[in-house]
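Now for the letters of each chain:
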Amino acid sequence: MASGDTWRADYLVQEDYWMAMAALTAKRSRDPKTQVGALIVNQKNDIVAIGYNQMPKGCDDYVMPWKREGKDKWDTKYPYVCSAAAAAIMNTNGAVLKGCNIYVTLFPDNESAKLIIQAGITKVVYLSDQYRDMEMMAASKKFLEVAGIEFRQFQPREPTITIDLAVNN
Ligand SMILES: O=c1[nH]c(=O)n([C@H]2C[C@H](O)[C@@H](COP(=O)(O)O)O2)cc1CO
């Protein structure tokens, strides 16, 4: 076979593509510290939802606090921000999430894990686990285990492809 007739080997494999899409989506976030992206695929490998950490729709991001610390917790971003997983789960255009997989650039916290479980998502693939030492992450892992949800850290295909998955964390 002439070399031009064969398919190229260095194409972006499916899982690398999904995580790269999640990482790209993270770049939409206005969070000054940590941008997170999430992408949900169904059992047919169709992308059904994407999301990034953002203030709830219709709330003016510019007037909401994006601070990590303030005079009290209500003066920070934490009570208001929607996690990337939450944004994706609420952004399905009616797709059914039961049996879907979610690709997230940061391991989901306990609040995100609740939604993942309730949505019927069955697998979580995450890129970074940078907050692994926080109690809420232990709670989240426990939750996912009890609910029988598979979770694992993303491994890009080696060695042919390197994708710039750097997120601004
Ligand atoms: O699972 C998550 N998903 C998610 O979208 N986030 C968002 C909420 C905040 O906007 C940001 C975390 O901010 P910080 O790194 O400054 O604590 O990431 C945070 C977590 C916690 O892991």
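Above this note sits the structure.
Cut-offs applied
Residues numbered from 1 in each chain as written. Predicted model: local features only at pLDDT ≥ 70, side-chain atom pairs only at ≥ 80, totals over all residues. Heavy atoms only, no water. Pairing = 2+ DSSP bridges. Helix = DSSP H or I, 4+ residues; strand = E, 2+ residues; numbered from the N terminus. Axes fitted to C-alpha atoms, helices over the stretch in contact; angles between N-to-C directions. Parallel < 35°, antiparallel > 145°, perpendicular 65-115°, else oblique. Left-handed = near helix turned anticlockwise from the far one by under 90°. Contact = heavy atoms within 4.5 Å. Nonpolar A, V, L, I, M, F, W, Y, C, P; charged D, E, K, R; others polar.

Draft legend 1. The sheet that holds strand E5 (residues 150-153), seen in detail. Here we have five strands laid out as an open sheet, ordered E2-E1-E3-E4-E5, and mixed in their pairing. With one partner strand each, in any of the chains shown, strand E2 (47-52) and E5 form the two edges of the open sheet. Neighbouring strand axes in the sheet, compared pairwise and without regard to direction, differ in orientation by 15° on average. In this sheet, strand E4 (residues 123-128) lies alongside strand E3 (residues 101-106) in parallel orientation, the contact comprising five bridges. Bridged to Leu106 within E4 is Ser128.

Draft legend 2. Structural view of the packing of helix H3 (residues 110-119) against helix H4 (residues 135-146). H4 packs onto H3 with a crossing angle of 15° between their chain directions and a minimal axis gap of 8 Å. In terms of axis orientation, H3 runs roughly parallel to H4. In the packing of H3 onto H4, the handedness of the crossing is right-handed. Along the contact surface, H3 presents Asn110, Ala113, Lys114 and Ile117, while H4 presents Met136, Ala139, Ser140, Phe143 and Leu144. The residue inventory of the contact of H3 with H4, partitioned by class, reads six nonpolar, two polar and one charged.

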